[in-house]
Amino acid sequence: MPSYLGLDGFRFGWVAAWIDDNGDHGFDYSPGLTRLLAMPHARAMIDMPIGLKTEGYRICDLRARELVGAAVFVGARRDLWAFPDMAAANRHYWEHEGKGRGVSAQLWNIRDKIREVDDVMTPARQATIGEAHPELIFWNLAGRVRLDRKTSARGREQRVALLRERGFARLPKWLTQRHGTGIGCDDLVDACACAVAARDSWQRVDGGEIDPRGLRMEINY
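Scoring rules and cut-offs
Residues numbered from 1 in each chain as written. Predicted model: local features only at pLDDT ≥ 70, side-chain atom pairs only at ≥ 80, totals over all residues. Heavy atoms only, no water. Helix = DSSP H or I, 4+ residues; strand = E, 2+ residues; numbered from the N terminus. Rg over C-alpha atoms; globule rule 2.2 N^0.38 Å. Buried < 20%, exposed > 50% of the residue type's maximum accessible area, 1.4 Å probe, protein only. Contact = heavy atoms within 4.5 Å. Areas by Shrake-Rupley, 256 points an atom, 1.4 Å probe, with all protein chains shown as cover. Lys, Arg positive; Asp, Glu negative; His and termini not counted. Charge placed at Lys NZ, Arg CZ, Asp CG, Glu CD. Axes fitted to C-alpha atoms, helices over the stretch in contact; angles between N-to-C directions. Parallel < 35°, antiparallel > 145°, perpendicular 65-115°, else oblique. Left-handed = near helix turned anticlockwise from the far one by under 90°. Nonpolar A, V, L, I, M, F, W, Y, C, P; charged D, E, K, R; others polar. Core = buried A, V, L, I, M, F, W, Y, C linked by side-chain atoms within 4.5 Å. Salt bridge = Lys/Arg side-chain N within 4 Å of Asp/Glu carboxyl O. Pairing = 2+ DSSP bridges.

## Structural notes on the overall build of the chain
Along the chain, the regular secondary structure elements total 9 helices and 7 strands. Taken against the 2.2 N^0.38 rule, which gives 17 Å for 221 residues, the C-alpha radius of gyration of the chain at 17 Å falls within 12% of a compact globule. Structurally, the chain occupies a C-alpha span of about 50 × 35 × 35 Å along its principal axes. Within the span of the chain, comprising 221 residues, buried residues form 52% of the whole. Contacts in the chain between residues at least 24 apart in sequence constitute 65% of all its contacts with a sequence separation of at least 6. Roughly 10,100 Å² of accessible area belongs to the chain as shown, and the carbon and sulfur atoms make up 50% of that amount. Across the chain, the mean location of the 32 positive side-chain charges is 2 Å away from that of the 30 negative side-chain charges.

In structure tokens, the structure reads:
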């Protein structure tokens, strides 16, 4: 039976959670993205930008940030990996786009994963593989209210409870089994959220933008 995949990056690679229409569910991880995306699936959602501008901020990021705040990183651009360091990138962006239009350390640190996703994506693949944002997903699942910070004990409890209600009954056990893998609690929780969105939702924040490679810039939740 085809499953629904949710993927998130972590320090040493990628973690994927999956669930099918019968409620069976599991998770896997890999240093690279290719093997995980090769798993049979009806639809997949990945917590990483898809569709990149050559300059400026994506409209979908700005609109998503209005809903859930600074958890949405802005500034993903196609040339991000061309710079030797973040300071050089920001000097360039500030000079060409204006002060304050640079990138954060969080975005800079995932630039290689942004590139890895960009390398495998095509407009045709976007029919079944979409960009999602876990905080938007949880905002939607909670009745369009913001939860406590995901780094807090209460915030994690809220997120795990929402995912258990939607079929990820084994998630609490998984969180005890990830030790030694490098997978963070938040990484596994976020991958499960993306899988739920892949199965249940067709809602998205859409700025109507298409990147130079023909990829739509939109965030599913």
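## Focus: the packing of helix α2 (residues 59-68) against helix α6 (residues 134-141)
The interhelical angle for the contact between α2 and α6, taken along N-to-C directions, is 45°, at an axis separation of 10 Å. Taken together, the axis directions place α2 and α6 in an arrangement best described as oblique. Every pair of crossing elements has a handedness; the one defined by α2 and α6 is left-handed. Here α2 contributes Ala64, Leu67 and Val68 to the contact with α6, which in turn contributes Glu135, Leu136 and Trp139.

## Observations concerning the packing of α6 against helix α7 (residues 153-165)
Direction vectors running N to C along α6 and α7 enclose 70°, while the axes themselves pass 11 Å from each other. By the criterion of interaxial angle, the relationship of α6 to α7 is roughly perpendicular. Mapping the contact onto sequence places Glu135, Phe138 and Leu141 in α6 and Arg159, Leu162 and Leu163 in α7. In the contact of α6 with α7, the residues fall into 4 nonpolar, no polar and 2 charged.

## As for the environment of Ala191
Positionally, Ala191 belongs in helix α9 (residues 185-200). Taking the C-alpha atoms as reference points, Ala191 and Leu5, separated by 186 residues in sequence, lie 8.1 Å from one another. When sequence neighbours within four positions are dropped, the list of residues in contact with Ala191 reads Gly6, Leu7, Asp8, Val15 and Ala17.

## A word on the side chain of His133
The topology assignment puts His133 in the loop between β5 (129-131) and α6. A relative accessible area of 11% means that His133 is categorised as buried. In contact with His133, not counting residues within four places along its chain, are Asp47, Ala71, Val72, Ile219 and Asn220.

## Points about the nonpolar core
Residues Leu136, Ile137, Leu163, Phe168 and Leu171 are the most contacted members of the largest nonpolar core, which totals 39 residues. Among the elements of the structure, β1 (3-10), β2 (13-20), α2, α6, α7, α8 (171-177), α9 and β7 (216-220) are those that each provide at least two residues to this core. The contacts of Phe168, once residues within four sequence positions are left out, are Ala17, Trp18, Ile19, His25, Leu163, Trp174, Cys192, Ala195 and Val196.

## Side note on unusual backbone geometry
One non-glycine residue with positive phi stands out, namely Arg144, at about 65°. When you line up the elements, Arg144 lands in the loop between α6 and α7.

## Brief notes about the pattern of salt bridges
Opposite charge on two side chains permits pairing when their charged atoms draw close. The final tally for this structure, using the stated rule, is 16 salt bridges. Across the pair Asp190 and Lys150 runs a salt bridge whose closest N-O atoms are separated by 3.3 Å. Note that Asp190 is positioned in helix α9 and Lys150 in the loop between α6 and α7, a separation of 40 residues in sequence. Of the residues examined, Asp190 reaches a relative accessible area of 4% and is grouped as buried. A residue is classified by how much of its surface remains accessible, and Lys150, at 29% relative accessible area, is partly exposed. For the salt bridge of Glu218 with Arg204, the shortest nitrogen-to-oxygen distance reads 3.5 Å. With Glu218 in strand β7 and Arg204 in strand β6 (residues 204-210), this residue pair connects regions lying 14 residues apart in the sequence. A relative accessible area of 34% means that Arg204 is categorised as partly exposed.

## Brief notes about the sheet that holds β5
In space, the 5 strands of this open sheet follow the order β3-β2-β1-β4-β5, with mixed pairing throughout. At either end of the open sheet lies a strand with only one pairing partner, and these are β3 (25-30) and β5. On average, each strand axis in the sheet is tilted by 20° relative to the strand beside it, whichever way the strands run. Relative to β3, β2 is paired through 6 bridges, and the arrangement is antiparallel. What sits directly across from Val15, in β3, is Tyr29.

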